[in-house]
Amino acid sequence: MSQGFEFYEARANEAAAEARAAVLANVRDRALRSEATWRSLADQARAVAQERIRVEHEKAVRRAEEALEACPPQ
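Rules of the game
- Residues numbered from 1 in each chain as written.
- Predicted model: local features only at pLDDT ≥ 70, side-chain atom pairs only at ≥ 80, totals over all residues.
- Heavy atoms only, no water.
- Helix = DSSP H or I, 4+ residues; strand = E, 2+ residues; numbered from the N terminus.
- Contact = heavy atoms within 4.5 Å.
- Phe/Tyr/Trp six-rings, centres within 6.5 Å; stacked < 30°, edge-to-face > 60°.
- Buried < 20%, exposed > 50% of the residue type's maximum accessible area, 1.4 Å probe, protein only.
- Lys NZ or Arg CZ within 6 Å of the ring centre and 35° of its normal.
- Axes fitted to C-alpha atoms, helices over the stretch in contact; angles between N-to-C directions.
- Parallel < 35°, antiparallel > 145°, perpendicular 65-115°, else oblique.
- Left-handed = near helix turned anticlockwise from the far one by under 90°.
- Nonpolar A, V, L, I, M, F, W, Y, C, P; charged D, E, K, R; others polar.
- Expected span 1.5 Å × (residues − 1).

A.B. asks: Sorry if this is basic, but what is going on with the side chain of Glu35 here?
C.D. replies: Within the fold, Glu35 resides in helix α2 (residues 25–70). The contacts of Glu35, once residues within four sequence positions are left out, are Ala12, Ala15 and Ala16.

Rendered as structure tokens:
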């Protein structure tokens, strides 16, 4: 099951907080890499969701046009 944008965004925010709180440089660097990865996944999930909405809209428009064409003029 794919995760939603909110899940990835929350993980990115957690990693950012961990990076801010880190005392050791290697821990901070690891958290910053994690944050970057989670943000990338969030961006990708958002793009996929927007594309799905766009495709569904196009399909709905096409179905409406086909329904109008199927109805004979009166």
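A.B. asks: Looking at this structure, I do not really get the packing of aromatic side chains. What am I missing?
C.D. replies: Any two aromatic rings considered together are summarised by their centre-to-centre distance and by the angle between their planes. A full pass over the atoms with the stated rule returns three aromatic pairs. Here Phe7 and Tyr8 contribute two aromatic rings whose centre-to-centre distance is 5.6 Å and whose plane-to-plane angle is 75 degrees, an arrangement assigned as edge-to-face. Exposure remark for Tyr8: the relative accessible area of 14% places this residue in the buried category. Centroid distance Phe7 to Trp38: 5.9 Å. Interplanar angle 80 degrees. Geometry classified as edge-to-face. Residue Phe7 is located in helix α1 (residues 5–21), and its partner Trp38 is located in helix α2; the two are separated by 31 residues in the primary sequence. Among the residues examined, Phe7 registers a relative accessible area of 32% and is labelled partly exposed. Aromatic rings pair up to connect Phe7, Tyr8 and Trp38 into one cluster. Across from the ring centre of Phe7, 4.6 Å away, lies the NZ or CZ of Arg11, which sits over that ring.

A.B. asks: Looking at this model, I keep getting lost on the packing of α1 against α2. Mind explaining?
C.D. replies: To characterise two packed helices, one gives the angle between the axes of the helices and the distance between these axes. Close contact between α1 and α2 brings their axes to 8 Å; oriented N to C, the two are set at 160 degrees. Between α1 and α2, the angle falls in the class roughly antiparallel. At the point where α1 passes α2, the crossing takes the left-handed sense. Per-class residue counts for the contact of α1 with α2 are 14 nonpolar, two polar and eight charged.

A.B. asks: Can you walk me through α2 in this structure?
C.D. replies: Along an α-helix, residues three or four apart share an orientation, since each turn contains 3.6 residues. For α2, spanning 46 residues, the distance from its first C-alpha to its last is 67 Å, which sits close to the expected 68 Å at 1.5 Å a residue. Among the residues of α2, those classed as buried are Ala31, Glu35, Ala42 and Ala45. In this structure, the buried side of α2 is in contact with α1.

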